[in-house]
Amino acid sequence: MLDDIQLDYLRSTIEQKDTFTQSLEEYAWKNDIPIMDPLGMEFVQQMIRIKQPKRIVEIGTAIGYSAIQMARSVKDVMITTIERDKNRYNEALQNIEHAGLSHRIQVVFGDALEVMGDIEQYGPFDVLFIDAAKGQYQRFFEGYTTYLNSEGIVLSDNVLFKGYVADNPNDGSNKAKIANKIRAYNEWLTEHPHYKTTILPIGDGIAVSVKR
């Protein structure tokens, strides 16, 4: 992982955020709501700019932060995002409306594994972005990649889990259990016969998977 000096430098290179984006970040940090690390978000946005997708499906909306940033990255991209927490779902709707993006971001309420069949109508997708329950990443990947087009890519966030995945802790703690689940996902992903994956130490770790 990068040291603090390198991280501070890289953060200084990110374009100044608008007031609304800053308010979302501050709200998330104050209320312990998981949103993407700024460097991780910038990387995802750059991937979106390069890919120029028409449709994106996101698993894990939270308050709509990443969906808004992705929508702002490419003109006219349509995003379908899924959130199972009712309060965060409602907050996401408000934030997306405030950002003027309700016409391009469809928020679906429910567990991503339960509403999967309802999502097909919004595809096929060019990008699948996974940022939800860590223990379900493999099931998300297996289910939702069926809705990707032939050149679709998958972005999985938090695959280093604050360094715990590499540290390989075995102390029985909740963090250790989550880290073990993510490590298993990473191993499964890097050995996948139909996808080639690169794991990058950006933000909290992002895996980029493309079809072989």
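Here is a short report on the structure shown in this document. Not measured: the values here are computed from a predicted model.

Conventions adopted
- Residues numbered from 1 in each chain as written.
- Predicted model: local features only at pLDDT ≥ 70, side-chain atom pairs only at ≥ 80, totals over all residues.
- Heavy atoms only, no water.
- Helix = DSSP H or I, 4+ residues; strand = E, 2+ residues; numbered from the N terminus.
- Buried < 20%, exposed > 50% of the residue type's maximum accessible area, 1.4 Å probe, protein only.
- Contact = heavy atoms within 4.5 Å.
- Polar contact = N/O pair within 3.5 Å; in protein donor to acceptor, adjacent residues only side chain to side chain.
- Lys, Arg positive; Asp, Glu negative; His and termini not counted.
- Salt bridge = Lys/Arg side-chain N within 4 Å of Asp/Glu carboxyl O.
- Phe/Tyr/Trp six-rings, centres within 6.5 Å; stacked < 30°, edge-to-face > 60°.
- Lys NZ or Arg CZ within 6 Å of the ring centre and 35° of its normal.

1. Quick notes on the environment of Ala133
Line of reasoning, step 1. Take Ala133: it is sitting in the loop between strand 4 (125-130) and helix 7 (137-144).
Line of reasoning, step 2. Residue classification places Ala133 among the partly exposed residues on the basis of a relative accessible area of 26%.
Line of reasoning, step 3. In this structure, the C-alpha to C-alpha distance between Ala133 and Val165, residues 32 residues apart in sequence, is 16 Å.
Line of reasoning, step 4. Those residues within four positions of Ala133 in sequence are excluded, and the remaining contacts are Arg84 and Phe140.

2. Let's talk about the environment of His103
Line of reasoning, step 1. Note on placement: His103 falls in the loop between helix 5 (86-98) and strand 3 (105-109).
Line of reasoning, step 2. Sequence spacing of His103 and Ile202 is 99 residues, and the spatial spacing of their C-alpha atoms is 31 Å.
Line of reasoning, step 3. Engagement of the side chain of His103 in a polar contact is seen with the backbone oxygen of Gly100, the distance being 3.5 Å.

3. Regarding the side chain of Glu83
Line of reasoning, step 1. The residue Glu83 is located in strand 2 (residues 78-83) in this model.
Line of reasoning, step 2. One buried charged residue, Glu83, remains without a salt bridge, the closest side chain of opposite sign being Arg88 at 5.2 Å.
Line of reasoning, step 3. Here the side chain of Glu83 touches Asp85 through a polar contact of 3.0 Å, landing on its backbone nitrogen.
Line of reasoning, step 4. When near neighbours in sequence (up to four residues on either side) are disregarded, Glu83 contacts Gly60, Thr61, Ala62, Arg88, Tyr89, Val108, Phe109 and Gly110.

4. So, the packing of aromatic side chains
Line of reasoning, step 1. Under the definition given, this model contains 6 aromatic pairs.
Line of reasoning, step 2. With a centroid separation of 5.3 Å and 90° between ring planes, the pair formed by Phe141 and Trp188 is classed as edge-to-face. Of this pair, Phe141 sits in helix 7 while Trp188 sits in helix 9 (residues 174-190); the two residues are 47 residues apart in sequence, bridging distant segments of the chain.
Line of reasoning, step 3. Classification of Phe141 as buried rests on a relative accessible area of 1%.
Line of reasoning, step 4. Residue Trp188 is classed as partly exposed on the basis of its relative accessible area, which comes to 22%.
Line of reasoning, step 5. Ring centres of Tyr144 and Tyr147 lie 5.9 Å apart, and the angle between their planes is 90°; this geometry places the pair in the edge-to-face category.
Line of reasoning, step 6. A residue is classified by how much of its surface remains accessible, and Tyr144, at 0% relative accessible area, is buried.
Line of reasoning, step 7. Following the ring pairs from residue to residue traces out a cluster consisting of Tyr137, Phe141, Tyr185, Trp188 and Tyr195.
Line of reasoning, step 8. Sitting over the ring of Phe109, Lys86 keeps its end group 4.5 Å from the ring centre.

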